[in-house]
Amino acid sequence: MDVYGIIGNPVEHSLSPPMHEAAFEERGIDAAFVTFEADPDRIGEAFAGAEALGVDGLTVTLPFKGDALEFSEPDDRARRVGAVNTVDFATDPPTGHNYDLSGAVRAFDHHDVSLDGARTVVVGAGGAARALAFGFEEAGAEVAVANRTESKAHALADDVPGASGHGLDDLPDLMADADVVANATSVGLESDESVAPADAWHADQVAFDAVYTPLETRFLRDAADAGAETIDGAWMLLFQGVEAFETWTGVDAPVEAMDDALRERLAE
Ligand code: NAP
């Protein structure tokens, strides 16, 4: 039996187990998916232990995405973003990937939204914002980063070729000209708030929210009310899982079965 898992802290509410278990079942792969709540003070031992025990692959979540850079050989994207969210132990040394980036881009592809030449606004400057900003830039978009702590927006924009950094005061003006507006802050997580002013949305615009609890955030509701297209955060989560599954197993992921499992769990 193959063994995969997610390493994080806390990790008990992770949606990765049902999503990957559904994929293994659908593809007839004999594998287990385990949650590993690692001690942050012993994270190096945890990665070394997983490798020594023959764990085949790990999804890495907070707060270990930066640590995983040290304990794997990061690919170019993971190195650029400065975070690893998937480790593949089939290689020696284990390879680190950032599928938050490619998963987000794939979510847009899945909705037939082209990022090439699009004017995008990423709200936030933390880990999710980094993945989105690099992903959008890689897909050919123009990127503006707006964040509550403006200095962090500038720091991120300095890392992303051609990007600009802003405070949240600039958001209405940025949104007026944007094709895509993405929330990568934690605003709206388990609360009915939006980081974007409701009257700044317009039709002919795409709203993406990294937050997926709830699935229908205030940010997305306001956008939809203005006639904009919406993409919820479960799509990014789904496609990072799809990319991890395909790397680990070399098999095409059963996207629909994974999506069903994810959304079933989110509806509970
Ligand atoms: P993070 O690194 O802690 O960054 C949090 C961001 O939110 C920062 O930019 C912070 O601004 C901003 N923020 C927090 N409270 C705010 C407020 N009241 N008003 C304005 N801005 C505020 O977190 P993260 O890892 O990037 O995660 C951000 C969100 O994305 C979380 O909800 C997470 O669950 C979600 N996420 C989803 C996926 C997915 O697959 N869908 C993947 C990763 C993360 P400051 O810099 O000013 O503090």
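Residues numbered from 1 in each chain as written. Predicted model: local features only at pLDDT ≥ 70, side-chain atom pairs only at ≥ 80, totals over all residues. Heavy atoms only, no water.

Defined as follows: UniProt positions are given in the numbering used here, feature names are shortened, and annotations may be inferred rather than shown by experiment.
The name given to the protein in an unreviewed UniProt entry is Shikimate dehydrogenase (NADP(+)), with Candidatus Halobonum tyrrellensis G22 as the source organism. For the record of the protein, the UniProt heading Function (unreviewed entry) holds the text "Involved in the biosynthesis of the chorismate, which leads to the biosynthesis of aromatic amino acids. Catalyzes the reversible NADPH linked reduction of 3-dehydroshikimate (DHSA) to yield shikimate (SA)." Under the UniProt heading Subunit (unreviewed entry), the note attached to the protein is "Homodimer."

A few points about the pattern of salt bridges
Condition: Should a side-chain nitrogen of Lys or Arg be within 4 Å of a carboxyl oxygen of Asp or Glu, the pair is scored as a salt bridge. Only runs of H or I of at least four residues qualify as helices and only runs of E of at least two qualify as strands under DSSP, and these elements are numbered from the N terminus. Exposure classes here rest on a 1.4 Å probe applied to the protein chains alone. A residue is buried below 20% of its type maximum, exposed above 50%, and partly exposed in between.
Following the criterion strictly, the structure yields 15 salt bridges and no others. Put simply, Asp192 and Arg218 hold a salt bridge, and the shortest N to O gap is 3.8 Å. Placement of the pair is Asp192 in the loop between strand S10 (180–183) and strand S11 (206–209) and Arg218 in helix H9 (residues 218–225), with a sequence separation of 26 residues. The exposure class assigned to Arg218 is partly exposed, which follows from its relative accessible area of 31%. A salt bridge links Arg263 to Asp259; its shortest N-O distance comes to 2.9 Å.

Some thoughts on the domain arrangement of the protein
This is how it is decided: An automatic or database domain assignment supplies the residue ranges for each domain. Two residues qualify as a contact provided that any one of their heavy atoms is within 4.5 Å of a heavy atom in the partner residue. Two N or O atoms count as a polar contact when they lie within 3.5 Å, although within protein this holds only if one can serve as hydrogen donor and the other as acceptor, and sequence-adjacent residues are included solely when both atoms are side-chain atoms. Residue type decides the class: Asp, Glu, Lys and Arg count as charged, Ala, Val, Leu, Ile, Met, Phe, Trp, Tyr, Cys and Pro as nonpolar, and the leftover types, Gly among them, as polar.
Partitioning the protein into structural domains gives domain 1 (2–97 + 237–266) and domain 2 (102–232). Taking only C-alpha atoms, the centre of domain 1 and the centre of domain 2 are 25 Å apart. Taken together, the contact pairs 12 residues of domain 1 with 13 residues of domain 2. At the boundary of domain 1 and domain 2, one finds five salt bridges. Residues Glu138 and Arg80 are paired through a salt bridge, measuring 3.2 Å at the closest nitrogen-oxygen approach. For the pair domain 1 and domain 2, the number of links is seven residue pairs in polar contact (both at pLDDT 80 or more). Examining the composition of the side of domain 1 that touches domain 2, we find that six residues originate from one element, helix H10 (residues 234–249), more than from any other. When the residues that make up the side of domain 1 that touches domain 2 are grouped by side-chain class, the tally is six nonpolar, one polar and five charged.

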